[in-house]
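Chain by chain, the residues run as shown.
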Amino acid sequence: MSRDEKLKQRWDLVVKKLSNQFAQGDILDLDAIIYLIGVQELGQLNRTYKKEQKLDLMHIAICKLLTPYGYYELDFVDNDGWPHYKTLEILPHLKAGEQSVLMKEAIVNYFLETEYID
């Protein structure tokens with residue numbers, strides 16, 4: 001099985017599991033999954049977030065997801081428990097499709113690492 005086929009299978013599994021767990025089976029999109037990862041990483045699950053905080057949560061998730069690729073590194077966690085990352089390397093300019101593949105791969109790797117999928 002090719003790397004792309006394996007990624008697609010794992011991505012579909014992540015989407016299915018998260019959609020069933022958090023959206024009553026409605027299919028979650030990439031942004032929704034990134035948001036959920038941000039909430040998970042913050043660890044403050046039982047609260048509501050303002051629009052700006054939701055964007056911050058997505059930023060946390062993207063930084064966390066791209067840390068293994070050498071783009072970010074956790075710098076510190078503030079007094080409110082919010083992680084802050086520093087940029088180690090500027091992301092290359094990618095086409096929209098390439099960005100999507102990179103994020104899906106990073107998300108699959110995240111859920112493999114956390115043993116949400118295998």
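Look above for the structure.
Quick look at the structure, then. Each chain carries its own residue numbering, running from 1 in the direction its sequence is written. Residue-level local features of this predicted model are given only where pLDDT is at least 70; pairs of side-chain atoms are given and counted only at 80 or more, and the full residue set underlies all totals for whole chains, interfaces and linings. Neither water nor hydrogens contribute to the side-chain values; these are computed over all heavy atoms in the structure.

## With respect to the pairing of strand β2 (residues 83-87)
Where a strand is regular, its side chains alternate between the two sheet faces. The criterion, for reference: A strand pair is defined by DSSP finding two or more bridges across the two strands. In this description a helix means any DSSP run of H or I spanning at least four residues, a strand means any run of E spanning at least two, and both kinds are numbered starting from the N terminus.
Examined bridge by bridge, strand β1 (residues 72-77) and β2 share five bridges and lie antiparallel to one another. Note that in β2 the partner of Val 77 across the bridge is Pro 83. Connecting β1 to the antiparallel partner β2 that follows it, the hairpin turn spans five residues, and Gly 81 within it adopts a positive phi of roughly 90 degrees.

## Examining helix α3 (residues 51-66)
The condition is simple: Given a helix with a known number of residues, its expected span is that number minus one, times 1.5 Å. Burial status follows relative accessibility: with a 1.4 Å probe on protein chains alone, a residue under 20% of its type maximum counts as buried, one over 50% as exposed, and anything between as partly exposed. Should any heavy atoms of two residues lie within 4.5 Å, those residues are considered in contact.
Relative to the 22 Å expected for 16 residues at 1.5 Å per residue, α3 spans 23 Å between its end C-alpha atoms, a close match to the ideal helical length. For α3, the complete set of buried residues consists of Leu 57, Met 58, Ile 60, Ala 61, Cys 63, Leu 65 and Leu 66. Looking at the packing, one finds that the buried side of α3 touches α2 (30-42), β1, β2 and α4 (96-113).

## Concerning the side chain of Glu 105
Mapped onto the elements of the fold, Glu 105 is located in helix α4. Here Glu 105 falls in the buried class, since its relative accessible area comes to 16%. Among all residues touching Glu 105, those that are not within four sequence positions of it are Arg 3, Leu 7 and Tyr 69.

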